[in-house]
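Structural overview
Given next are the chains, with one letter for each unit.
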Amino acid sequence: MRCAWLTVLVLLLAGIHPCLRALLAKRFPVAPGAVLVTGASSGIGLHAAVALSAEVVVFAGVRSEKDAARLKQSYPQLRPVVLDVTSTEKVEAARKEVSAALGAEELKLVGLVNNAGISRHLIFEYENLEEVMKLYDVNVFGVYRVTQAFLPLLRASGAGRVVNVGSISPTTPAMGYTSYAGSKNALESINDVMRLELARYNISVSLLKPGMVHSALHEKISGENAAWRRAKDLEGFREHWGEWAEGFEERRRNREAHADGAEVTTEAIRHALRSEHPETRYVVANVHGIPCQALSWLMWLLPDRGKDLLLAGN
Ligand SMILES: NC(=O)c1ccc[n+]([C@@H]2O[C@H](COP(=O)([O-])OP(=O)(O)OC[C@H]3O[C@@H](n4cnc5c(N)ncnc54)[C@H](OP(=O)(O)O)[C@@H]3O)[C@@H](O)[C@H]2O)c1
């Protein structure tokens, strides 16, 4: 009987949520201008930057002059800007460069996509704090540096938008994900507060939560230098976590086999930047072939012990 009532309640809530969302949808101005995409040297950022350049001027943030030259050569429509999100000086230099270009062409900055990110995977007990801090420096503090620096330009445009590229990983955590999922969870909270605070300037803030998307990120976490590979000689690791490490690559490949193309993230980023009614959250792509939207609902429904059963072998 209790179960039946619970089912009715869940179904009611499931129906109410989309109705409320549609009712409360907020309208934001859409203006011509320019957007800045961080981490645009490859993957999700590059795909989005190229697609967006059909509609707006795109400043493509890359870490090296070499990547800037490569992008200029392959995608002449992009405006590469050297921007390492971990360096306050480089962020400031990029802000000056973008600001000068905007001024010279009488353009306004109407969008910022905080996409730059790195990943690492290791069991919590063996994590290297210095390396974890480096990850947070990119995935979390980088968002502070870049957004704080470019906010005056976004505000001045009267039609600013921010898109933060999070991840489904805080919703579906797996063993070895404390650092990555933790950083993306932090970003999710930062995003939600940022949305509240920037509403007074009429700046829309959206979070993108992708599942698996084809990109260079997956190779980067499995190369020779991967944290989980380097840990094998640490005391006790092989004994307790050898099996986990041995299966890591296969689990990663299984997940990647179902990965979506970056079109799904680009479509969400484009909507968040250019629609009159941007969503606050875009949950896209899949994990193990299960759409992330469905996974989010399932995780919301399941008690923690149920989640643990489901995610233990992930
Ligand atoms: N692919 C997925 O399945 C997936 C799923 C969920 C979320 N995401 C998120 O999506 C975003 C893009 O990742 P991706 O999958 O497209 O991987 P990617 O191809 O490896 O792209 C990551 C980008 O971030 C840049 N980056 C790294 N450190 C940086 C720094 N200090 N300053 C500026 N840029 C830096 C990289 O530049 P370099 O080339 O110079 O290293 C690269 O351009 C990340 O935030 C990632 O966490 C990806």
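Everything numeric here is computed off the predicted structure, so don't read it as measured data.

For the protein, the count of helices and strands is twelve helices and nine strands. The globule rule puts the C-alpha radius of gyration for 314 residues at 20 Å, and the 20 Å found for the protein is close to it. Summarising its shape, the C-alpha atoms of the protein cover approximately 60 × 55 × 30 Å along the three principal directions. Here the protein, with 314 residues, has 38% of them falling under the buried criterion. Sequence-distant contacts, at least 24 apart, represent 70% of the contacts inside the protein between residues at least 6 apart.

Quick look at helix H10 (residues 263-274) now. Under the 1.5 Å per step criterion, the end-to-end length of H10 is 16 Å for twelve residues, consistent within 8% with the ideal 16 Å. Against strand E1 (34-37), helix H2 (43-52), strand E4 (109-114), strand E5 (161-165), strand E6 (204-210) and strand E7 (281-284) lie the buried residues of H10.

The next point concerns the site of the ligand. Close contacts around the ligand come from 27 residues, with Gly39, Gly43, Ala116, Gly117 and Ser215 the closest. Of all the secondary-structure elements, those providing two or more residues to the shell around the ligand are H2 and helix H7 (217-220). Broken down by element, the residue count for the shell around the ligand peaks at three residues, all from H2. Looking at the shell around the ligand, its residues break down into twelve nonpolar, twelve polar and three charged.

Let us now look at the environment of serine 157. Looking at where serine 157 falls in the secondary structure, it is placed in helix H5 (residues 129-157). For serine 157 and alanine 54, which are 103 residues apart along the polypeptide, the C-alpha to C-alpha distance reads 20 Å.

Before going further, it helps to spend a moment on the UniProt feature "domain: Ketoreductase" (unreviewed entry) in the protein. When the UniProt feature table is mapped to this numbering, "domain: Ketoreductase" (unreviewed entry) covers residues 33-240. Secondary structure across residues 33-240 comprises 48% helix and 15% strand; the distance between its end C-alpha atoms is 54 Å.

The rules behind the values
Residues numbered from 1 in each chain as written. Predicted model: local features only at pLDDT ≥ 70, side-chain atom pairs only at ≥ 80, totals over all residues. Helix = DSSP H or I, 4+ residues; strand = E, 2+ residues; numbered from the N terminus. Rg over C-alpha atoms; globule rule 2.2 N^0.38 Å. Buried ≥ 20, exposed ≤ 12 C-beta atoms within 10 Å, placed from the backbone. Contact = placed C-beta atoms within 7 Å. Expected span 1.5 Å × (residues − 1). Near = placed C-beta within 6 Å. Nonpolar A, V, L, I, M, F, W, Y, C, P; charged D, E, K, R; others polar. UniProt positions renumbered as here; feature names shortened; annotations may be inferred.

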